[in-house]
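Listed here are the chains, written in short residue letters.
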Amino acid sequence: MTRETGRRGLDEQAVLLAAGLADLAVSTLGTAWGMVRGLLRRSDAGALAAEAEHDLAARGRLVLDRYTAVPPAHLEVLARHALARRAAHDD
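Because the structure is a prediction, the values reported are computed rather than measured. (Residues numbered from 1 in each chain as written. Predicted model: local features only at pLDDT ≥ 70, side-chain atom pairs only at ≥ 80, totals over all residues. Heavy atoms only, no water.)

S.K.: Hey, could you run me through the overall build of the chain in this one?
M.R.: In terms of helices and strands, the chain carries three helices and zero strands. Its helices and strands taken in sequence order, the chain reads α-α-α from the N to the C terminus. Each principal axis of the C-alpha distribution contributes one length, and for the chain these read about 85 × 55 × 20 Å. With 91 residues in all, the chain has 0% of them scored as buried. As presented, the chain carries roughly 8600 Å² of accessible surface, and 64% of it is formed by carbon and sulfur atoms. (Helix = DSSP H or I, 4+ residues; strand = E, 2+ residues; numbered from the N terminus. Buried < 20%, exposed > 50% of the residue type's maximum accessible area, 1.4 Å probe, protein only. Areas by Shrake-Rupley, 256 points an atom, 1.4 Å probe, with all protein chains shown as cover.)

S.K.: I keep staring at helix α2 (residues 45–68) and nothing clicks. Help me out?
M.R.: In an α-helix, one turn spans 3.6 residues, which is why side chains three or four residues apart end up on the same side. Compared with an ideal rise of 1.5 Å per residue, which puts 24 residues at 34 Å, α2 spans 34 Å between its outermost C-alpha atoms and is within 8% of the ideal. Summarising burial for α2: zero of the 24 residues are buried, a small minority. (Expected span 1.5 Å × (residues − 1).)

S.K.: Looking at this structure, I do not really get a nonpolar patch on the surface. What am I missing?
M.R.: On the surface, Trp33, Val36 and Leu40 cluster together to form a nonpolar patch covering roughly 340 Å² of accessible area. In this fold, Val36 is placed in helix α1 (residues 3–41). For Val36, a relative accessible area of 37% puts it in the partly exposed group. (Patch = residues over 30% accessible without salt bridge, like charges linked within 9 Å, V, L, I, M, F, W, Y side chains within 5 Å. Salt bridge = Lys/Arg side-chain N within 4 Å of Asp/Glu carboxyl O.)

S.K.: Explanation requested: the environment of Ala49 in the structure shown.
M.R.: Note that Ala49 resides in helix α2. For Ala49, a relative accessible area of 46% puts it in the partly exposed group. Residues Ala49 and Leu39, 10 residues apart in the sequence, show an inter-C-alpha distance of 9.7 Å.

Structure, rendered in structure tokens:
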């Protein structure tokens with residue numbers, strides 16, 4: 001097998017992969033567009049949108065709480081343990 005034949009095989013493989021990816025993207029977009037059209041035809045579209053907005057806000061709140069929660073200060077934790085030990089020892 002020569003270099004040219006090997007290169008042609010790689011080029012053909014790249015074209016096939018690109019064509020398959022493009023077909024997948026088009027079919028996915030077509031399916032998504034069909035779903036959007038179906039949702040727009042629903043009589044409860046307003047309520048559905050309000051529920052989706054509420055769900056997204058709740059999800060956003062959870063994410064912010066997860067990543068912005070400040071852990072308690074180290075000295076505060078030590079002080080609480082000391083108080084608990086002292087209270088247990090005094091009893």
